[in-house]
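Residues per chain are reported as follows:
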Amino acid sequence: MTYRKITAEEISKLINCHYVGQNVEINGLNLCNRQSEYKSILSYITAGKYIDAVNGNNAVSALFIPTQISGTVLENLSREVTLFVVDHPEEEFYKLHETLFSNGFYSIVENPPIIGEHCSIHPSVVIENNVVIGNNVTVGPNSVIRKNSVIEDNVRIGCCSVIGSEGFQGIRFSDGTVHAISHAGGTKICKHVFIGDNTTIGNALFEGQTVIDDGTIIDNHVYIAHNLTIGKNNVITACSLLMGSAVIKDNCWLAPNSVVMNKKIINDNSMVGSMSLVTKDVPKGETVVGIPAKLWKKP
């Protein structure tokens, strides 16, 4: 096993489970319904209803599947995929992820941080290895820039904020124990972004980056979870909570205490009212309010 390269045979030995199919090379792990930057990934399914997602994602070349649906999977896959038949596919998938995380599969050579010109970074700021900071960046006291973070030019970050935090993903195993899952991706803060005090932005889970695009401003006490994509020129106000893999497109406004559930999309030029809970995608140019959030109709 080397950086981003492991074969089905090597996985078989790690998990003590035979595989069915070719001895494919795997470059990453990810969910079967998520696009990957790698050409060959390992994923998992827990039921037959997810086979269509596998068929629609050509990057999935190996799969953990449950014993009870192995026949159904073989009959309905549209192409050859290497299979690991196990009792608890989600659990085995995340156990393997943790093993790979601990043994260098996701690791690159540790390099000192790179900091551009004309930056104003308080002496108390912690900057880890494998961080790239552009020009004219300001970072306030006691903030932390975790490894695998990229901060582009003209960004301002307040006090006690964390860029590229560990992120949060909890999985309950079959023995009843709950495990926090390590995050292997990074965070990218694009140009002219403002981030206030006590704000946390989590790293992507398996690959890629959590992204805050140009010109977005983020208030104090905001939490942005793993794999989020936030577009350009958005306003995200105090105490908002954005859950994993949500998408905020361009020119949106999230009022104080907004909550956006995971994988939901806030389309361009939309607004979320104060203390609203977004449980469905928000159409372009609309305003939603309430718990759960619904389209606001002008009186």
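Residues numbered from 1 in each chain as written. Predicted model: local features only at pLDDT ≥ 70, side-chain atom pairs only at ≥ 80, totals over all residues. Heavy atoms only, no water.

Student: I tried to follow the overall build of the protein on my own but got confused; where do I start?
Tutor: In terms of helices and strands, the protein carries four helices and 35 strands. Relative to a compact globule of 299 residues, whose C-alpha radius of gyration would be 19 Å, the protein shows 21 Å and is just as compact. Taken along its principal axes, the extent of the C-alpha atoms in the protein is 55 × 55 × 35 Å. Sorting the 299 residues of the protein into buried and exposed places 45% on the buried side. Taking the intrachain contacts of the protein between residues at least 6 apart in sequence as the baseline, contacts between residues at least 24 apart amount to 28%. Surface exposure of the protein reaches about 14100 Å², of which carbon and sulfur atoms provide 51%. Taking the 23 positively charged and 28 negatively charged side chains of the protein as two groups, their mean positions are separated by 7 Å. (Helix = DSSP H or I, 4+ residues; strand = E, 2+ residues; numbered from the N terminus. Rg over C-alpha atoms; globule rule 2.2 N^0.38 Å. Buried < 20%, exposed > 50% of the residue type's maximum accessible area, 1.4 Å probe, protein only. Contact = heavy atoms within 4.5 Å. Areas by Shrake-Rupley, 256 points an atom, 1.4 Å probe, with all protein chains shown as cover. Lys, Arg positive; Asp, Glu negative; His and termini not counted. Charge placed at Lys NZ, Arg CZ, Asp CG, Glu CD.)

Student: What's the story with helix α1 (residues 8-15) in this structure? I'm lost.
Tutor: Note that an α-helix has 3.6 residues per turn; residues three or four places apart therefore point the same way. Buried within α1 we find Ala8, Ile11, Ser12 and Ile15. Each buried residue of α1 lies within a common arc of 105 degrees when the element is viewed along its axis, so the set occupies one face. Positioned one or two residues after α1, Asn16 has a phi angle of 55 degrees, which is positive. (Arc of directions from axis to C-beta.)

Student: Please explain the pairing of strand β5 (residues 41-44) as it appears in this structure.
Tutor: For a regular strand, side-chain orientation follows a simple rule: the groups alternate between the two sheet faces. Judged by which residues are buried, β5 turns out to be covered on both faces: Ile41 and Ser43 on one side and Leu42 and Tyr44 on the other are all buried. Alignment of strand β4 (residues 28-29) against β5, held across two bridges, turns out to be parallel. Looking across to β5, one finds that Gly28 is bridged to Ile41. Judged from the four bridges that link them, β5 and strand β6 (residues 60-66) form a sheet pairing that is parallel. Along β6, the bridge assignment pairs Ile41 with Val60. (Pairing = 2+ DSSP bridges.)

Student: What's the story with the sheet that holds strand β26 (residues 235-236) in this structure? I'm lost.
Tutor: Hydrogen bonds between backbone groups are what pair the strands of a sheet, and the pairing can be parallel or antiparallel. Strands sit in the order β9-β12-β15-β20-β23-β26-β29-β32-β34-β35 across an open sheet of ten strands; the sheet is mixed. Either end of the sheet is taken by a strand with one partner, and the two such strands are β9 (120-121) and β35 (294-295).

Student: For this particular structure, what's the right way to read the packing of α1 against helix α4 (residues 89-102)?
Tutor: Two quantities define a packed helix pair, namely the angle between the helix axes and the distance between the axes. The interhelical angle for the contact between α1 and α4, taken along N-to-C directions, is 105 degrees, at an axis separation of 11 Å. If you check the angle between α1 and α4, you find them roughly perpendicular. Counted together, Ile11, Leu14 and Ile15 of α1 and Leu96, Thr99 and Leu100 of α4 form the full contact between these two elements. Residues that form the contact of α1 with α4 fall into these classes: five nonpolar, one polar and no charged. (Axes fitted to C-alpha atoms, helices over the stretch in contact; angles between N-to-C directions. Parallel < 35°, antiparallel > 145°, perpendicular 65-115°, else oblique. Nonpolar A, V, L, I, M, F, W, Y, C, P; charged D, E, K, R; others polar.)

Student: Got a minute to help me understand the sheet that holds β4 in this structure?
Tutor: The sheet built from five strands is open, its strands ordered β2-β7-β6-β5-β4 with mixed pairing. In this open sheet, the two strands that pair with only one neighbour each are β2 (19-20) and β4. Packed on one face of the sheet, α1 meets β2, β5, β6 and β7 (82-86) and runs near 10 degrees to β7. Sitting on the sheet, α4 is in contact with β4, β5, β6 and β7, with an inclination near 145 degrees to β5.

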